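Close look at the chain arrangement
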Amino acid sequence: MTAKVVSVINLKGGVGKSTIAMILGEYLAFRKNKRVLLLDLDSQCNLTYAMMKNDHFTHLRNSYKTVYHIFKNALDGRIRPVNNCICDQHLWVSNIARGPIQPTLDMVVAAPDLAQLDVEMLALWESGQPAPNRFNETLKKSLVNILDHYDIVLIDCPPSLSLFTSCAIMASDFFVAPIIPEPLSILGLDLVISRIRELKRRYPEIRIEFKGSILNKVRADRKTHRRVAEQIYGNDANIYMPFKSWIPDAERLRVIGDFE
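Residues numbered from 1 in each chain as written. Predicted model: local features only at pLDDT ≥ 70, side-chain atom pairs only at ≥ 80, totals over all residues. Heavy atoms only, no water.

Further remarks concern the sheet that holds strand S1 (residues 4-8). Spatial strand order, S3-S2-S4-S1-S5-S6: six strands in an open sheet with parallel pairing. Whereas interior strands pair on both sides, the edge strands pair on one side only; in this sheet they are strand S3 (105-108) and strand S6 (209-215). Adjacent strand axes in the sheet meet at a mean angle of 20° when their direction is disregarded. With five bridges joining them, strand S2 (residues 36-40) and strand S4 (residues 152-156) adopt parallel strand pairing. Opposite Leu39, over in S4, you have Ile155 as the bridge partner. (Pairing = 2+ DSSP bridges. Helix = DSSP H or I, 4+ residues; strand = E, 2+ residues; numbered from the N terminus. Axes fitted to C-alpha atoms, helices over the stretch in contact; angles between N-to-C directions.)

Looking along a regular strand, one sees side chains alternate from face to face of the sheet. Here strand S5 (residues 174-179) lies mainly inside the structure; six of its six residues are buried. Burial of S5 is two-sided: the residues Phe174, Val176 and Pro178 facing one way and the residues Phe175, Ala177 and Ile179 facing the other way are all buried. Here S1 pairs with S5 via three bridges, running parallel. Each residue of the ladder has a partner; that of Val8, found in S5, is Val176. As defined by bridge partners, S5 adjoins S6 across six bridges and the pair is classed as parallel. In the sheet register, Pro178 faces S6, and the bridge partner there is Ile214. In this view, the connection linking S5 to its parallel neighbour S6 by way of helix H8 (residues 183-202) has right-handed handedness. (Buried < 20%, exposed > 50% of the residue type's maximum accessible area, 1.4 Å probe, protein only. Right-handed = clockwise from strand over helix to strand, strands pointing away.)

Taken across its nine residues, helix H7 (residues 163-171) has eight buried, putting it largely inside the fold. Restricting attention to buried positions, one finds in H7 the residues Phe164, Thr165, Ser166, Cys167, Ala168, Ile169, Met170 and Ala171. Regarding H7, its N-cap is Ser162, as a side-chain oxygen of that residue lies 3.2 Å from the backbone nitrogen of Phe164 further along. (Polar contact = N/O pair within 3.5 Å; in protein donor to acceptor, adjacent residues only side chain to side chain.)

The subject of this paragraph is the layout of surface pockets. Where empty space is left can be seen by rolling a probe of water-molecule size over the atoms. Counted as a void, the second largest pocket has a volume near 270 Å³. Taken together, 14 residues form the lining of the second largest pocket, with Ile20, Leu24, Val176, Ile214 and Phe243 sitting closest to its centre. Breaking the lining of the second largest pocket down by element, the ones donating at least two residues are helix H1 (17-31), S4, S5 and S6. It is H1 that contributes the most residues to the lining of the second largest pocket, three residues altogether. Broken down by class, the residue content of the lining of the second largest pocket amounts to twelve nonpolar, one polar and one charged. (1 Å grid on protein atoms, 1.4 Å probe; cavity = no way out; pocket = protein on both sides within 12 Å on 5 of 7 lines; lining within 4 Å. Points joined across faces, edges and corners; volume = space filled by probe spheres on them. Nonpolar A, V, L, I, M, F, W, Y, C, P; charged D, E, K, R; others polar.)

For the rest of this paragraph, the subject is the packing of aromatic side chains. The tally for this structure, following the rule as stated, stands at four aromatic pairs. Residues Tyr49 and Phe57 carry aromatic rings whose centres are separated by 5.5 Å and whose planes lie at 85° to one another, so their mutual orientation is edge-to-face. On the numbers, 6.1 Å between centres and 45° between planes, the contact of Phe71 with Phe135 is tilted. With Phe71 in helix H4 (residues 67-75) and Phe135 in the loop between helix H5 (114-127) and helix H6 (138-143), this residue pair connects regions lying 64 residues apart in the sequence. (Phe/Tyr/Trp six-rings, centres within 6.5 Å; stacked < 30°, edge-to-face > 60°.)

Here the focus is the nonpolar core. By size, the foremost hydrophobic cluster in this structure holds 81 residues, and its most contacted members are Leu37, Leu41, Phe71, Val108, Leu143, Val153 and Ile155. In contact with Val153, other than residues within four places in its own chain, are Ala3, Lys4, Val5, Val6, Leu37, Leu143, Ile146 and Leu147. (Core = buried A, V, L, I, M, F, W, Y, C linked by side-chain atoms within 4.5 Å. Contact = heavy atoms within 4.5 Å.)

Further remarks concern unusual backbone geometry. Here Asn33, not a glycine, exhibits a phi torsion of approximately 55°, which is positive. Mapped onto the elements, Asn33 comes out in the loop between H1 and S2. For Asn33, a relative accessible area of 57% translates into the label exposed. Of note in this structure, Tyr64 is not a glycine but carries a positive phi near 60°. Counting through the fold element by element, Tyr64 comes out in the loop between helix H3 (54-62) and H4. Overall, the relative accessible area of 53% leaves Tyr64 in the exposed class.

All right, on to the confidence of the model for the protein chain then. In the predicted model, the protein chain carries a mean pLDDT of 85, and 87% of its residues have values of at least 70. Counting interchain partners and residues more than four positions distant, the pLDDT-below-50 stretch residues 256-260 has 17 contacts. (pLDDT = per-residue confidence, 0-100.)

Owing to its 3.6 residues per turn, the α-helix brings residues three or four apart onto one side. Turning to helix H9 (residues 223-233), its buried residues number three or more, namely His225, Val228, Ala229 and Ile232. Taken down its axis, H9 places every buried residue within 105° of arc, on the same side. Pointing more than 90 degrees away from the buried face of H9 are the exposed residues Lys223 and Glu230. Contact partners of the buried residues in H9: S5, H8 and S6. (Arc of directions from axis to C-beta.)

What follows is the structure, encoded as structure tokens:
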């Protein structure tokens, strides 16, 4: 069975994209025995730092096994398969399942170097040089050889309409959006939906579908949260497609990325 590729997207930062991606990945792997690949596309590396110790990350970075190196190769005109950058199992730090290492969870880590690629793309444009053809298909092409080895690929996207977010959209079957019941968080989702609509007009082959929003960091004692949540769940058009369950603002969830 071919893996489904799911992106976790919202253009508003701080809504819990990395935490949601980690929770979903570990739950599916450890509780449902699904074969899961986590993929961190954010140069802030929150998911990466949550999943492993710094010296392990440094080892992967020095071994040229990060998402940055996949995109850097594409910028040089070469497609690098994702399986060349999947980290070794013994490097894992699992924050939820404290038992033995599970063989069903893999990851490709991010690196701060990703931010430099935007600068390099701008330099190409300013110098009049052509960008690599269909660069936004880099991730889609890199994933082809591993889709039969997993049940699901989860992509943690950056909080911006960056080139990397577009690459994730091009590669994905579905996306979900963590949102805090606040106006700016809703706006971040509106912008994502608008961007995907625009990309679908330009690239008819895009297959991504919205599967729903996950209300996160909800504080029932705040009037704004109650009012916006009521609007989301009571929306007649159901454009935000909220999941029935929501996640409260809890200290344990805020520090879930910490490790010893």
